[in-house]
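Commentary on secondary and tertiary structure
Below are the chains, spelled out letter by letter.
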Amino acid sequence: MSPPPVPIRREIVLGRNSTVWRRLATHPALAGTSFTAIGHDDLSGFDFSPHDRVWVFSYSRVPAENHAMLARLGAAGVAEIAYLSSSSAIVTRRTRCWEYPRVKQQAEDEALALPNGKVLTVGLMHADAAELPAGDNIATSYDMLADFMRSPAWTDGDGRRRHLFRIEPRPYRTGLERALARLYGAALDACGAQ
């Protein structure tokens, strides 16, 4: 029988300067909540507690830096590490040609290797679907993310993951734009990159 979960008493965001956190910090759905945001440079001296949930919005293109960050959080003994990943990491199941999804996938794997690690996968972040490019987008609104952070429910991957996105179709402005998008998709298929 596993021990009962540790109650979360403090919400920490690692990635104070990330674009996503800057947009969420003043979101109405998080009003009345108490999130403490720290930067990557604060990580080594921050006094974590066993009752902290750490939302990891921080990211490095250098895998060793992500590894060190997650190892530090693992050693801190916090209740939960919620790693914010990207739906683009899903392409690594088919190809390893792009750096960003490959590095995000590696960090996902490392977060899930920690006993208290969880992965939250989001799509293109937006405040309004009109901000998204033409075509079918895998997208997450700031409203969706703020609501999730207020009351997280890890419903995927044995309770250790959450895929928080949906398909947001956006119209093409012209027939030529639509045709070029189809041609690009066909080229990716032909190269085995899709």
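Computed from a prediction, not measured in an experiment: that's the story for all the values here. (Residues numbered from 1 in each chain as written. Predicted model: local features only at pLDDT ≥ 70, side-chain atom pairs only at ≥ 80, totals over all residues. Heavy atoms only, no water.)

Right, let's get into the side chain of S85. Mapping S85 onto the fold places it in strand β4 (residues 80-86). Using a relative accessible area of 2% as the deciding quantity, one classes S85 as buried. When neighbours within four sequence positions are excluded, S85 is seen to be in contact with K104, E108, V119, L120, T121 and V122. (Helix = DSSP H or I, 4+ residues; strand = E, 2+ residues; numbered from the N terminus. Buried < 20%, exposed > 50% of the residue type's maximum accessible area, 1.4 Å probe, protein only. Contact = heavy atoms within 4.5 Å.)

Before going further, it helps to spend a moment on the layout of surface pockets. Put simply, the largest pocket is a space of about 510 Å³. Lining the largest pocket are 19 residues, with S86, S87, Y100, V122 and G123 sitting closest to its centre. Taken together, the elements giving at least two residues each to the lining of the largest pocket come down to β4, α3 (99-113) and β6 (124-126). Top contributing element to the lining of the largest pocket by residue count: β4, with three residues. Grouping the constituent residues of the lining of the largest pocket by class yields 12 nonpolar, six polar and one charged. (1 Å grid on protein atoms, 1.4 Å probe; cavity = no way out; pocket = protein on both sides within 12 Å on 5 of 7 lines; lining within 4 Å. Points joined across faces, edges and corners; volume = space filled by probe spheres on them. Nonpolar A, V, L, I, M, F, W, Y, C, P; charged D, E, K, R; others polar.)

Within the secondary structure layout, I81 lies in strand β4. A relative accessible area of 0% means that I81 is categorised as buried. Along the backbone, I81 and S18 are 63 residues apart, and their C-alpha atoms lie at a distance of 17 Å. Ignoring any residue separated from it by four or fewer positions in sequence, one finds I81 in contact with V54, V56, L70, L73, G74, L114, N116, G117 and K118.

Another point: a nonpolar patch on the surface. A grouping of L176, L180 and L183 is seen on the molecular surface, where their side chains present a nonpolar patch of about 330 Å² in accessible area. With respect to the helices, strands and loops of the structure, L180 is situated in helix α5 (residues 175-191). (Patch = residues over 30% accessible without salt bridge, like charges linked within 9 Å, V, L, I, M, F, W, Y side chains within 5 Å. Areas by Shrake-Rupley, 256 points an atom, 1.4 Å probe, with all protein chains shown as cover. Salt bridge = Lys/Arg side-chain N within 4 Å of Asp/Glu carboxyl O.)

Following the criterion strictly, the structure yields six aromatic pairs and no others. An angle of 85° between the planes, with centres 6.1 Å apart, marks the rings of W55 and F148 as edge-to-face. Of the two residues, W55 sits in strand β3 (residues 52-56) while F148 sits in helix α4 (residues 142-150), which places them 93 residues apart along the sequence. Both residues of the pair, W55 and F148, belong to the buried class. A network of ring pairs unites the aromatic residues W21, F35 and F57 as a single cluster. (Phe/Tyr/Trp six-rings, centres within 6.5 Å; stacked < 30°, edge-to-face > 60°.)

Time to look at the pattern of salt bridges. Applying the stated criterion across every chain, the model contains eight salt bridges. D52 serves as the salt-bridge partner of R10, at 2.8 Å between the closest nitrogen and oxygen. One end of the pair, R10, is in strand β1 (residues 10-14); the other, D52, is in strand β3, and 42 residues separate them in sequence. We classify R10 as partly exposed; its relative accessible area is 28%. D52 gets classed as buried once you look at its relative accessible area, which sits at 0%.

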